[in-house]
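# Survey of secondary and tertiary structure
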Amino acid sequence: MASTVLEGLHHVGLITIPVRLFAAARTERVSFNQIHQVCGNRIKQQIFCPHCDRVVERSELVKGYEVEKDRYVVVNDEEIKSIAPASSDTMEIVEFVKAEGIDPIYFDASYFMTPEDAGKKAYHLLFEAMGKSGFSAIAKIAMHQREYTVVVRPHAKGLLLHTMFYPEEVRDIPEFGQDTNITVKPQEVELAEKLVEGLAADFDPSKYHDEYQAKMTQMIQAKREGQTVGAEAPRKRAPVIDLMQALQKSLGDLPRKPVAKAAQNEEAEEQDGKKEHRLKRVPRTAHG
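Residues numbered from 1 in each chain as written. Predicted model: local features only at pLDDT ≥ 70, side-chain atom pairs only at ≥ 80, totals over all residues. Heavy atoms only, no water.

## Brief notes about the packing of aromatic side chains
Applying the stated criterion across every chain, the model contains one aromatic pair. Judged by centre distance (6.2 Å) and plane angle (15°), the ring pair of F203 and Y208 falls under stacked. By relative accessible area, which is 66% here, F203 ends up exposed. One cation-aromatic arrangement involves K98 over F135; the distance from NZ or CZ to the ring centre is 4.5 Å. Of note, R146 hangs over the ring of Y148, and the distance from its end group to the ring centre comes to 4.6 Å. (Phe/Tyr/Trp six-rings, centres within 6.5 Å; stacked < 30°, edge-to-face > 60°. Buried < 20%, exposed > 50% of the residue type's maximum accessible area, 1.4 Å probe, protein only. Lys NZ or Arg CZ within 6 Å of the ring centre and 35° of its normal.)

## What to know about the environment of Y166
In this structure, Y166 sits in the loop between strand 11 (158-164) and helix 3 (186-198). Given a relative accessible area of 17%, Y166 falls into the buried group. The sequence separation of Y166 and Y106 amounts to 60 residues, and the corresponding C-alpha distance is 7.2 Å. Discounting chain neighbours no more than four positions away, the residues touching Y166 are K140, R146, E147, Y148 and T149. Here K140 takes part through its side chain, which lies 3.4 Å from a polar atom of the side chain of Y166. (Helix = DSSP H or I, 4+ residues; strand = E, 2+ residues; numbered from the N terminus. Contact = heavy atoms within 4.5 Å. Polar contact = N/O pair within 3.5 Å; in protein donor to acceptor, adjacent residues only side chain to side chain.)

## Considering unusual backbone geometry
The backbone of D70 shows a phi angle near 60°, a positive value even though the residue is not glycine. When its relative accessible area of 57% is taken as the criterion, D70 is described as exposed. Unlike most non-glycine residues, A156 shows phi in positive territory, near 55°.

## A look at the pattern of salt bridges
For the structure shown, the criterion picks out eight salt bridges. K63 serves as the salt-bridge partner of D77, at 2.8 Å between the closest nitrogen and oxygen. Taken as a pair, D77 in helix 1 (residues 77-82) and K63 in strand 5 (residues 63-68) lie far apart in primary sequence, 14 residues in all. Exposure remark for D77: the relative accessible area of 48% places this residue in the partly exposed category. Assessed through its relative accessible area of 37%, K63 is described here as partly exposed. In this structure, E190 and K194 form a salt bridge, with 4.0 Å as the shortest nitrogen-oxygen distance. A residue pair is termed a helical-turn pair when its members lie 3 or 4 positions apart in one helix, as E190 and K194 do in helix 3 at four residues. Here K194 falls in the partly exposed class, since its relative accessible area comes to 42%. (Salt bridge = Lys/Arg side-chain N within 4 Å of Asp/Glu carboxyl O.)

## Re the layout of surface pockets
Each pocket or cavity is described by its volume, and for the largest pocket that value is around 330 Å³. Along the walls of the largest pocket sit twelve residues, with I80, A84, P85, Q145 and R146 positioned nearest its centre. Going through the elements one at a time, helix 1, strand 9 (135-143) and strand 10 (146-155) are the ones with two or more residues in the lining of the largest pocket. For the lining of the largest pocket, the leading source of residues is helix 1, giving three residues. (1 Å grid on protein atoms, 1.4 Å probe; cavity = no way out; pocket = protein on both sides within 12 Å on 5 of 7 lines; lining within 4 Å. Points joined across faces, edges and corners; volume = space filled by probe spheres on them.)

Encoded structure:
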């Protein structure tokens, strides 16, 4: 069973909904340990104090914030707990916004939000109302020793919560953006649009897999069985060619999509109509 990330109260006006949060996704990757090459054993990392010139235990550690070079303000857990905002145990909705109005760049982590028994009816009432209105909720919540702005939105059969970055956390890169010194021709845009349309499909996450991690697992298994691992052939970098030629070649390489049955029937009906029209036209004779 998934572990609870947070238990608290969810306030919507005068409605209180006791809820729990569960992490909705996690990164899956092959991880390696540090091994001493000489003896083949895993190494241990120790905490060392250079001033005392000895290894220290974790029980001797406290939190410190560096205010100047090698000068720290020490803060204990009780002091941190004493300044926790109200959002540390109560999440209150600030406003409702249209889902499409939220830029995805602000999304951070995702959590399933599930109701306790006492709040199930209010939870599902909120779920139904948000689903029909197309609105998402903006709220405040504190966890992991920081306060987050969060988005609560309906998803499948329940409510999802997304923590968000603050505007000052979203980087501003001077190199990012449209180069005003570059112009594209209308014909190039038209070909690019056709390329996009040719690759268009409904989003299906089950089609995508981490091939690199899969090959990593296969390599480890092969080495475990004493087999040699064949190297992947390096991918050649395509030469820079004329943009129009590249677009036209890309369009020519697209797989042909099957024509929809309705479109085929419509085309057949149109051809039958033209044929019938030709048969009705009787050629005029000399006596006509």
